[in-house]
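Structure assessment
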Amino acid sequence: MLPTIETIREDFAVMEDWEDRYRYLIDLGRDLPPFPEQARDAAHKVHGCASQVWLVAEAGDGADPVVTFLGDSDAHIVRGLVAVMLALMSGRKASAIAAADPEATFRALGLDSHLSQQRTNGLRA
């Protein structure tokens, strides 16, 4: 099970070394739930990423459904970034997801200045 976004923020705050943070991201990626092989296709691929990234969204019922995401990547650090996005977005109501500011979260974690431009563009995608 993935940690909450609050736990990820707290963990990042106590790590002073970026090598430790990158290792933590890789560990988060290893803890992602299994991704369905049949969803590794063009319909679920996130375009704009330099790495291969796939995303599946499942919406519950109602006018403001809870949306659950599964994601995966073929790159270790990107897989960790997917885990951070899932911790931030998955299991929330659609309205909360629409109002969320993932770029602010990545700035607060310091990731905005430690990611390549390609990875930043991929996150936006």
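Scroll up to find the structure.
Given the structure is predicted, the values throughout are model-derived calculations rather than measurements.

A few words on the side chain of S73. Checked against the element boundaries, S73 lands in strand β2 (residues 66-73). Residue classification places S73 among the buried positions, given a relative accessible area of 7%. At a separation of 2.9 Å, a polar atom in the side chain of S73 contacts the main-chain carbonyl oxygen of Q52. Of the polar contacts made by the side chain of S73, one reaches the backbone nitrogen of A75; its length is 3.1 Å. Excluding residues that lie within four positions of it along the chain, S73 makes contacts with S51, Q52, V53, W54, V78 and R79.

Spatial strand order, β1-β2-β3: three strands in an open sheet with antiparallel pairing. Two strands in the sheet have a free side with no partner beyond their single neighbour: β1 (53-59) and β3 (92-93). Sheet analysis places β1 next to β2, joined by seven bridges and oriented antiparallel. What sits directly across from V53, in β2, is S73.

Note that R92 resides in strand β3. The class for R92 is partly exposed, based on a relative accessible area of 29%. Sequence separation of R92 and V66 is 26 residues, and the distance between their C-alpha atoms is 5.1 Å. Aside from chain neighbours lying at most four places away, what touches R92 is P65, V66, V67, I97 and A100.

This part takes up helix α1 (residues 5-14). For α1, every residue scored as buried is listed here: I5, I8 and F12. Relative to the axis of α1, the buried residues are bounded by an arc of 55 degrees and lie together on one face. More than 90 degrees from the buried face of α1, the exposed residues found are E10, A13 and V14. Each element contacted by the buried residues of α1 is listed here: α2 (18-30), α3 (76-89) and α5 (102-109).

On the secondary structure map, D72 appears in strand β2. A residue is classified by how much of its surface remains accessible, and D72, at 4% relative accessible area, is buried. Only 2.6 Å separates the side chain of D72 from the side chain of R40, close enough to count as a polar contact. Of the polar contacts made by the side chain of D72, one reaches the side chain of R79; its length is 2.4 Å. If we ignore the near neighbours within four places in the chain, the residues touching D72 are L32, F35, R40, Q52, V53, W54, R79 and V82.

Glancing now at the nonpolar core. A general feature of soluble globular proteins is that nonpolar side chains tend to end up buried together. If you look at the biggest cluster of nonpolar residues, it comprises 31 residues, and the most contacted ones within it are I8, F12, L25, L28, V84 and L111. Every element with two or more residues in this core is listed here: α1, α2, β2, α3 and α5. When neighbours within four sequence positions are excluded, L28 is seen to be in contact with L2, P3, I8, G80, A83 and V84.

Following the criterion strictly, the structure yields seven salt bridges and no others. In this structure, the salt-bridge partner of E37 is R40, at a minimum N-O distance of 3.1 Å. The partner of R107 in a salt bridge is D101, and the shortest N-O contact between them spans 4.0 Å.

Rules and cut-offs
Residues numbered from 1 in each chain as written. Predicted model: local features only at pLDDT ≥ 70, side-chain atom pairs only at ≥ 80, totals over all residues. Heavy atoms only, no water. Helix = DSSP H or I, 4+ residues; strand = E, 2+ residues; numbered from the N terminus. Buried < 20%, exposed > 50% of the residue type's maximum accessible area, 1.4 Å probe, protein only. Polar contact = N/O pair within 3.5 Å; in protein donor to acceptor, adjacent residues only side chain to side chain. Contact = heavy atoms within 4.5 Å. Pairing = 2+ DSSP bridges. Arc of directions from axis to C-beta. Core = buried A, V, L, I, M, F, W, Y, C linked by side-chain atoms within 4.5 Å. Salt bridge = Lys/Arg side-chain N within 4 Å of Asp/Glu carboxyl O.

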